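Topology and contacts: notes
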Amino acid sequence: MPLIPTPFRALVIGSSGTIGAAFEALLENHPACTEVVGIHRSSPSPIDYQDLSTIEEAAKSFAGKAPFQLMINTIGILHSADWMPEKKLDDLNAEQLQAMLQINAIGPGLTMRHFSKLLDPAGSVMATLSAKVGSIEDNRLGGWYSYRASKAALNMLIKTTAIELARTKPNAVLIALHPGTVNSRLSKPFKGQQIGRPPLDAAQDMLNVLLSLDREDSGTFISYSGERLPW
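So, here is what we can say about the structure in this document.

Calculation rules
- Residues numbered from 1 in each chain as written.
- Predicted model: local features only at pLDDT ≥ 70, side-chain atom pairs only at ≥ 80, totals over all residues.
- Heavy atoms only, no water.
- Salt bridge = Lys/Arg side-chain N within 4 Å of Asp/Glu carboxyl O.
- Buried < 20%, exposed > 50% of the residue type's maximum accessible area, 1.4 Å probe, protein only.
- Helix = DSSP H or I, 4+ residues; strand = E, 2+ residues; numbered from the N terminus.
- Contact = heavy atoms within 4.5 Å.
- 1 Å grid on protein atoms, 1.4 Å probe; cavity = no way out; pocket = protein on both sides within 12 Å on 5 of 7 lines; lining within 4 Å.
- Points joined across faces, edges and corners; volume = space filled by probe spheres on them.
- Nonpolar A, V, L, I, M, F, W, Y, C, P; charged D, E, K, R; others polar.
- Phe/Tyr/Trp six-rings, centres within 6.5 Å; stacked < 30°, edge-to-face > 60°.
- Lys NZ or Arg CZ within 6 Å of the ring centre and 35° of its normal.
- Pairing = 2+ DSSP bridges.
- Axes fitted to C-alpha atoms, helices over the stretch in contact; angles between N-to-C directions.
- Parallel < 35°, antiparallel > 145°, perpendicular 65-115°, else oblique.
- Left-handed = near helix turned anticlockwise from the far one by under 90°.
- Patch = residues over 30% accessible without salt bridge, like charges linked within 9 Å, V, L, I, M, F, W, Y side chains within 5 Å.
- Areas by Shrake-Rupley, 256 points an atom, 1.4 Å probe, with all protein chains shown as cover.

1. Digging into the pattern of salt bridges
As enumerated under the stated definition, the model contains six salt bridges in all. Residue R197 pairs with D205 through a salt bridge whose shortest N-O separation is 3.2 Å. Residue classification places R197 among the buried positions, given a relative accessible area of 17%. Residue class for D205 comes out partly exposed when judged on its relative accessible area of 28%. Where R228 meets D217, a salt bridge forms, and the shortest distance between an N and an O atom there is 2.8 Å. With a gap of 11 residues between them, R228 in the segment after β6 (220-223) and D217 in the loop between α6 (199-210) and β6 connect regions that are remote in the sequence. Its relative accessible area of 12% is what places D217 among the buried residues.

This is the structure we're talking about:
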């Protein structure tokens, strides 16, 4: 039986990004969603992974609006104006690795720490966008060192948090969610415009998965298609 009740309230973290904005638009028109709140770097309660102190402050600002039955964290980085994913070991550098870990692992980990307190103990889901290339078992091509490592670290944080949360909020589910290739700023340099899906289609696929989750799904790595992915 799905955990998210009807009706439900939702929080989208990173709602200024392509996927976050698509989730917010979908939820605003979803008949079972009575309220959706989006937060990002420029929102009234800003959250910015370049300034990790904003995470706890943002969570505190929503304490009076809790509980939420659905939370989706869409914040992540693959490349910047200064660097692209590494093709070989000689491309690996401390600056890029540190940036990837801060945005893709440390920020989301602290978000789980502070925002999981706002989850409805009666039934709720918190999903954090990960990536299939973060799967150690599935890695057959190599490359993309920093991105792979940051998403693998994120996956471990999600798994570990889910184990602890099961003791205090057994009806709150935490998952790592793989969105697939989406037409976005993140995927544009990698032919995303040709091989990706429109953001609204991708968000709808993922929302269908989220609304079908039950307690046994907590601490798993799931694709937008509902497939369980290897860690």
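2. Considerations on the side chain of N155
Along the chain, N155 falls in helix α4 (residues 145-168). Each residue touching N155, except ones within four places of it in the same chain, is listed here: S130, G134, A176, F221 and W231.

3. Considering the layout of surface pockets
Considered as a void within the structure, the second largest pocket measures approximately 170 Å³ in volume. The wall of the second largest pocket is formed by M112, R113, S116, K117, T161, E164, L165, T168 and K169. Counting residues per element, the ones that place at least two in the lining of the second largest pocket are α3 (94-115) and α4. The dominant element in the lining of the second largest pocket, judged by the number of residues it contributes, is α4, at four residues. Within the lining of the second largest pocket, the residues separate by chemical class into two nonpolar, three polar and four charged.

4. Remarks on the packing of aromatic side chains
Throughout the structure, instances matching the rule amount to three aromatic pairs. With a centroid separation of 6.0 Å and 75° between ring planes, the pair formed by W144 and Y147 is classed as edge-to-face. Its guanidinium or amino end placed over the ring of F68, R9 lies 4.5 Å from that ring's centre, counting from NZ or CZ. Geometry around Y224 places R197 over its ring, the cationic atom sitting 3.9 Å from the centre.

5. A closer look at the sheet that holds strand β4 (residues 124-129)
Strand pairing in a sheet takes place through backbone hydrogen bonds and is either antiparallel or parallel in direction. Strand order in this open sheet of six strands is β2-β1-β3-β4-β5-β6, and the pairing throughout is parallel. At either end of the open sheet lies a strand with only one pairing partner, and these are β2 (33-39) and β6. Across the sheet, the mean angle from the axis of one strand to that of its neighbour is 20°, orientation sign disregarded. Of the pairings in the sheet, the one linking strand β5 (residues 172-178) to β6 comprises four bridges and is parallel in character. For A176, the partnering residue across the bridge sits in β6 and is F221. In the packing of α4 onto the sheet, the strands contacted are β4, β5 and β6, and the crossing angle to β5 comes to about 165°.

6. Brief notes about the packing of helix α1 (residues 18-28) against α6
Where α1 meets α6, the closest approach of the two axes is 8 Å, and the angle between their N-to-C directions is 65°. Between α1 and α6, the angle falls in the class roughly perpendicular. Pair α1 / α6 crosses with right-handed handedness. Note on element contacts: α6 touches α1 through P199, L200, A203, Q204, M206 and L207, opposite T18, I19, A22, F23, A25, L26 and L27. Of the residues assigned to the contact of α1 with α6, the class counts are 11 nonpolar, two polar and no charged.

7. Concerning a nonpolar patch on the surface
On the surface, L89, L92 and Y145 cluster together into a nonpolar patch covering about 260 Å² of accessible area. One can find L92 in the loop between β3 (70-73) and α3.

8. Considerations on unusual backbone geometry
Look at the link from T6 to P7: it is a cis peptide, with omega at 0°. Unlike most non-glycine residues, W144 shows phi in positive territory, near 50°. Following the sequence through the fold, W144 ends up in the loop between β4 and α4. For W144, a relative accessible area of 26% translates into the label partly exposed.

9. Brief notes about the environment of Y145
Position of Y145 relative to the elements: it lies in helix α4. For the pair Y145 and E86, spaced 59 residues apart in sequence, the C-alpha to C-alpha distance is 6.1 Å. If we skip the residues at most four places from it in the chain, Y145 touches E86, K88, L89 and L92.

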